[in-house]
4 protein chains.
Amino acid sequence: MLCGMSFNTFGHMLRVTTWGESHGPAIGCVVDGCPPRIALSEADIQPFLDARRPGQSRHTTQRREPDAVRILSGVFEGKTTGTPISLVIENVDQRSKDYSKQATTYRPGHADYAYDAKYGIRDHRGGGRSSARETAMRVAAGAIARKISSEVELTTYLCELGGDPIDRAAFDPQAINHNDFFCPDPAAAERWAAMMDEARRDGDSLGAVVECVATGVPAGWGAPVYAKLDAEIAQAMMGINASKGVEIGDGFAAARLRGSENADAMRPGGEGPDFASNHAGGTAGGIATGQPVVARVAFKPTSSIRTPVATIDSSGAEAQISTTGRHDPCVGIRAVPVVEAMMALILADQKLLHRAQVGAGLGE
Amino acid sequence: MLCGMSFNTFGHMLRVTTWGESHGPAIGCVVDGCPPRIALSEADIQPFLDARRPGQSRHTTQRREPDAVRILSGVFEGKTTGTPISLVIENVDQRSKDYSKQATTYRPGHADYAYDAKYGIRDHRGGGRSSARETAMRVAAGAIARKISSEVELTTYLCELGGDPIDRAAFDPQAINHNDFFCPDPAAAERWAAMMDEARRDGDSLGAVVECVATGVPAGWGAPVYAKLDAEIAQAMMGINASKGVEIGDGFAAARLRGSENADAMRPGGEGPDFASNHAGGTAGGIATGQPVVARVAFKPTSSIRTPVATIDSSGAEAQISTTGRHDPCVGIRAVPVVEAMMALILADQKLLHRAQVGAGLGE
Amino acid sequence: MLCGMSFNTFGHMLRVTTWGESHGPAIGCVVDGCPPRIALSEADIQPFLDARRPGQSRHTTQRREPDAVRILSGVFEGKTTGTPISLVIENVDQRSKDYSKQATTYRPGHADYAYDAKYGIRDHRGGGRSSARETAMRVAAGAIARKISSEVELTTYLCELGGDPIDRAAFDPQAINHNDFFCPDPAAAERWAAMMDEARRDGDSLGAVVECVATGVPAGWGAPVYAKLDAEIAQAMMGINASKGVEIGDGFAAARLRGSENADAMRPGGEGPDFASNHAGGTAGGIATGQPVVARVAFKPTSSIRTPVATIDSSGAEAQISTTGRHDPCVGIRAVPVVEAMMALILADQKLLHRAQVGAGLGE
Amino acid sequence: MLCGMSFNTFGHMLRVTTWGESHGPAIGCVVDGCPPRIALSEADIQPFLDARRPGQSRHTTQRREPDAVRILSGVFEGKTTGTPISLVIENVDQRSKDYSKQATTYRPGHADYAYDAKYGIRDHRGGGRSSARETAMRVAAGAIARKISSEVELTTYLCELGGDPIDRAAFDPQAINHNDFFCPDPAAAERWAAMMDEARRDGDSLGAVVECVATGVPAGWGAPVYAKLDAEIAQAMMGINASKGVEIGDGFAAARLRGSENADAMRPGGEGPDFASNHAGGTAGGIATGQPVVARVAFKPTSSIRTPVATIDSSGAEAQISTTGRHDPCVGIRAVPVVEAMMALILADQKLLHRAQVGAGLGE
């Protein structure tokens, strides 16, 4: 996943290096390791950015960014060439004035204090590098990854908001893109809308849980010991802003089952076994079993709230802060496309690795 | 964390490469990147291996391994030299006969099928490379890591077994090493003993949750975006055998709080702020805040159970398996020293990285 | 040096990822791992790009590129923040028409055939990714590296052109930037001008040897076995377009000396020993000794010549090619700033690594 | 090549981590990333170790080491499993008494001073980690690499000793293994024997140049920009003890040719073009062209000589040293199998990478 010291690079074989601050002139990324001869244009990427784009409902930040992506390299006559693909998005709606107080006062739950503690300097405008704005490039890179591992189908949605879970019996994949919450349960979506309105009224925020299911992952992708597919997913998801927990398959619930309940019995099937259940979430020993890969990610409530919170300023003196900028009352909503993008990146990476790991073509 | 393609290597600056199968002649690791002039001998490592060693109570596998570690390189006249440290442990009590059926029959929940799907070959004896035996080397390497980041204190324990959590009010750190479960709540330890006896009688197994608290981690360790301290911990912990979930701080519970409840208010303190709470678990933006770093890891119940489970054999034909070998009825128990070792490895690595990241001594 | 699979990334701790093709809209790089609080602006980088810029004398390509660099991230209020620094240069003078024949005919000595053999597709315009244009970003990144390892002084020059070496007795560092050849021997520079004019008249090209001397490198930088300072330099230099050989210290000449002649005797000195000679070129066991680090790099004559050469086209049919585009008759000349930049990048990287390797501050 | 911070690890996909000191109990390595289902036993490795083994003629060190290798993991029932392969060789003939003076006195040309400058401690016995003894593990790992890239044939030999080159017209590959110098020119071998006897008599040493030719490397292996095949070879070769220079193809001689002389004209051929010459040494743009890959490596004369040399001791005081231990009067001789092993490791690595780089099987 993370290679060497490049803390802004993600992936082994398909490597994404992102750059840019919330209020700089632009953000961008370099996608290195994309195989050649794949048809690619901005039109393959833009729809995923649009799905993540802010300001699409009253439940997300009112910052208005077109987030129009440009490809600056790595594509020739509509096809990838195997050379690095440079993507850039200009920052348009910056409104630096909203953020002046952050220059001196640390927002609890934000990276402000930690960045100063580490670097002794930070671009405070809109959170600078620590802003979720960076995740736009993960989504853009994820769109390229999808073209590499096209046999995989991804379904990603909110399964819980503000502690209110969806009704699994009412799960309707068609519903996911027909409400403001990527919610597969229309009834839950209605409840959540009310909860969000109330939270916003209170100047408060809510947490959420995102679930991602990858079907069509061939048995054998992934690798043992320190690069387990589960571990790659865990690092990728825990690296998303505001994420605090990751589960594979039954996750913490598995710790409450007995071995006899948790066993995914196998029966003879077509290709590979026919599994009676999927408590494991599609992996064993860190390697894909051919079952759907299932991951869940917990997002804390947005730290930027209007409710005043006690804090300190950069001189260490007592202070209070209530964030008046434009923020997502629930970062979990817009995290849905980001979680899906990270899963896409991991699976494309694993696909490219797998044949090398097993020495495919050694005999050839 | 994971660098490049070496799927058996862990760490950036302090790099641990493990090798060996459960029933091979030996297991071992190479610890590269340990700074020079640190006093080190087998006596610094052995106690941690002893804490993990099987067969210490009726609640863990009866496999008897002395797990005596030898240092083969990297230490001269009792001090590290900066060259790679090679550690080896001979496999003594192998009992291959216990495992013959695994050659042809896939154990549900184990890596058997996945390894065959990937590699087309596997050392089936005791799970081969996928056996938890490999974690002995993580514990050995962790002992070296502790000497590097000696300012950090680690407390690790089971906080839940078979769905039965400890009583936080009864938390007693002294108790942890005085029962068979690394349990800080003596009353819970008694209940767990009964649950384990019953599960063992039923030929079944139980899951558990391990919690690790690192105090003394200086604000500033860790790095943003793709190497967040949270993400490094998540990958490390999710890479431990049988782990299915990882939380930092409040984890999934944070997704059920409002922003106003989840905020860790700051007040002026001594060095660094005085935090009113630690919902975040010691990190912000992926960087340590100086608060205790808190991680929780969910372990599924042992997949090897005496209760028969439907499965298939390597020819794809229907089969049944009930594991009669010597196994831990709850792998979570012996995972405690492993979780602590992984945390030690991450923090030592981050300590070595931090000064390079911030260019310490640039002016010097 | 190279980490993992990112074949467009250079460095360990200070990592540079370049992107862009000769005739795309722009070229750029991301510099990750630069320490915070270093004063940086375009003005620190532009002079080095200007030194490499084409079209400055009749002896280099007449392509006219302003090569104006822009910083898009990682710098706030004139100082680095520790986040990735994105640099971009627009391609202005592209003249694609010059290059049409390259679409179908392979230029001997160029990457045309090899790229097609590997990728089955290539951006043929001006050599696409394989163009020396990419080296502009190495020079830009090198300018940042210089600010990190400011204790080091670099002197780089042509020591041989077309087989005609400089007279070491006439070595004048002041002369280097006062002729068209970065030549420290004014008399040689005059001879070379005549040789170049003749070669150009003949539609031919010449090779050259670049020498780089780094003084002020502290003893201890570098690391043993597979990351020897010599090896890092060798990979960096051999990775520059048209480079075919690298020497450290006496290089191949050392293979012709006896051990008694080659020994660099030591006498008591101020800090560190006083060396009687520097046959070793500043390293021992891959680690800097405190003496000047000396590297030499051989550059083949430009492959693009007007003289017709037999070749094949992409269909495999017989063809002839004589390059009529604008090219450097001697790529070695403009390689001088590139060699120096690579040395700067290696030394800054080693400086950042050194304190982590030796655990500086372990006791602190 | 080198990944991340593991300075004792070599390779991307096929990764070799070596450990051990000259006079420790053993030396060893871990080979990670070897594909599964390759027949492997000690018998595949031992012959290459025997070729490198000291004490085989009067022209190499009289240290007597059986260098018997053992495989401790990664092989099951005679086949590789895809898990790490651990190799170990016990150190038998250590004779520490030979080396006592090295504890306090720095040997010019050796790593003694540099290791102390970096680490403040070193295992002085026989050079500790900096001893060429480490290269035994490169040879052992190289034997595994050969089985991965079996389509490649390697021919490696001394082409120059003590400044006396072979006669290319007299080149006889059959002769290489029938003299004490891996020399393809029997007449040169006789001259060299006399030169060596004289140097030994004088208590002096000689340098040499090793040439390695790899035929059968498919066009397309290798990768552009920072991982050029040439650059990978350069780092690998410059990382071998006592190496001071590396050339690909014509190397420095190419810098003395005109473009028209240096061009490797292409004509229609069978698979791939028919090249009229191979000045480039089998690569273009860092990618293999299908021609033989040709590398040359310069080795300085052994630094350990009986002739007294002025030096300092660890207190900085004046001293004199003349090495009386058992040493190779020309390290270049025993470097031949090491150069070949490094080439084998690079090519196996590139083979595994290539299919992933080009996304082989993307459509599958």
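Note that residues are indexed from 1 along each chain, following the sequence as it is written. Written order determines the labels here, with chains lettered from A and ligands numbered from 1. Where local features are concerned, this predicted model is filtered to residues with pLDDT of at least 70; where side-chain atom pairs are given and counted, the filter is 80 or more; whole-chain, interface and lining totals use all residues. With hydrogens and water stripped out, all remaining heavy atoms of the structure feed into the side-chain values.

All names here are of chain A. Its location among the elements puts cysteine 330 in the loop between strand 18 (318-321) and helix 7 (331-357). On the basis of relative accessible area, cysteine 330 is assigned to the buried category, the value being 0%. Distance from cysteine 330 to glycine 207, taken between C-alpha atoms, is 5.9 Å for residues 123 residues apart in sequence. Whether two residues are in contact is decided by their heavy atoms: any pair within 4.5 Å suffices. Beyond its immediate stretch of four places on either side in the chain, cysteine 330 contacts Leu161, Met196, Leu206, Gly207, Ala208 and Thr302. Secondary structure elements are taken from DSSP: a helix is a run of H or I of four residues or more, a strand is a run of E of two residues or more, and numbering for both begins at the N terminus. Exposure is judged per residue with a 1.4 Å probe applied to protein chains only, and the accessible area is read against the type maximum: over 50% gives exposed, under 20% gives buried, and values in between give partly exposed.

Before going further, it helps to examine the interface of chain B and chain A. In this assembly, 108 residues from chain B lie in contact with 108 residues from chain A. Accessible-area loss on putting two parts together, using a 1.4 Å probe and summing over both, is the definition of buried area adopted here. Carbon and sulfur atoms supply 64% of the area that chain B and chain A bury against each other, a total of about 8200 Å² over both sides. Ranking the residues of chain B by area buried against chain A places Lys118, Tyr226 and Lys244 of chain B at the top, with a combined share of 11%. For this analysis, a salt bridge means a side-chain nitrogen from Lys or Arg found within 4 Å of a carboxyl oxygen belonging to Asp or Glu. In this assembly, chain B and chain A are joined by eight salt bridges. Of the charged contacts, one joins lysine 244 of chain B and aspartate 230 of chain A as a salt bridge, the two residues approaching to 3.6 Å between their closest N and O atoms. Whenever a nitrogen or oxygen atom comes within 3.5 Å of another N or O atom, the pair is scored as a polar contact, on the condition that within protein one atom can donate a hydrogen and the other can accept it, and that pairs from neighbouring residues in sequence are kept only if both atoms are in side chains. Inspection of the region where chain B meets chain A yields 37 residue pairs in polar contact (both at pLDDT 80 or more).

In this section: the relation of the copies chain B and chain D. Each of the two copies of the chain can be brought onto the other by a rotation about an axis and a shift along it. Expressed as a screw operation, the relation of chain B to chain D combines 0.0 Å of axial shift with a rotation of 180°, fitting to an RMSD of 0.0 Å. Read as a symmetry element, the transformation amounts to a two-fold axis. The share of interface residues of chain B whose copies in chain D are also at the interface is 100%, consistent with both copies meeting through the same surface. Copies overlap after least-squares fitting; the atoms used are the C-alpha atoms of residues with pLDDT of at least 70 in both.

A few words now on the UniProt feature "binding site: FMN" (unreviewed entry) in chain A. Here, the residues flagged by UniProt with the feature "binding site: FMN" (unreviewed entry) are Arg129, Ser130, Ser131, Asn241, Ala242, Gly285, Lys300, Pro301, Thr302, Ser303, Ser304 and Arg326 of chain A. Taking the relative accessible area as the measure of exposure, glycine 285 of chain A reaches 23% and is therefore partly exposed. Once you skip the residues sitting within four places of it in the chain, glycine 285 of chain A turns out to touch Pro224 and Lys228 of chain A together with Ala111 and Tyr115 of chain B. UniProt positions are given in the numbering used here, feature names are shortened, and annotations may be inferred rather than shown by experiment.

Once that is clear, we can look at the sheet that holds strand 3 (residues 26-32) of chain B. What links the strands of a sheet is backbone hydrogen bonding, and the strands pair in either a parallel or an antiparallel sense. Residues and elements named next belong to chain B. Spatially, five strands are ordered 1-2-3-7-4 in an open sheet, and the strand pairing comes out antiparallel. Among the strands making up the open sheet, the edge pair consists of strand 1 (9-10) and strand 4 (69-71). Both strand 3 and strand 7 (residues 85-90) contribute to a ladder of six bridges, which runs antiparallel. Paired with alanine 26 across the bridge in strand 7 is glutamate 90. When DSSP finds two or more bridges between a pair of strands, those strands are recorded as paired.

Right, let's get into the interface of chain B and chain D. Each partner contributes to the interface: chain B provides 41 residues, whereas chain D provides 41 residues. Together chain B and chain D conceal approximately 3300 Å² of surface at their shared face, both sides included; 66% is due to carbon and sulfur atoms. Looking only at chain B, the three residues that lose the most surface to chain D are Trp19, Phe76 and Ile121 of chain B, adding up to 18% of its buried area. Summed over the shared surface of chain B and chain D, the result is zero salt bridges. Applying the counting criterion to the chain B and chain D interface returns 10 residue pairs in polar contact (both at pLDDT 80 or more). Mapped by element, the contributors of at least two residues to the side of chain B that touches chain D are strand 2 (15-20), strand 3, strand 6 (79-80) and helix 2 (112-119) of chain B. If you tally residues by element for the side of chain B that touches chain D, the top one is strand 2 of chain B, at five residues. Three classes are used: nonpolar for Ala, Val, Leu, Ile, Met, Phe, Trp, Tyr, Cys and Pro, charged for Asp, Glu, Lys and Arg, and polar for all others, with Gly counted as polar. For the side of chain B that touches chain D, the residue count by class is 15 nonpolar, 16 polar and 10 charged.

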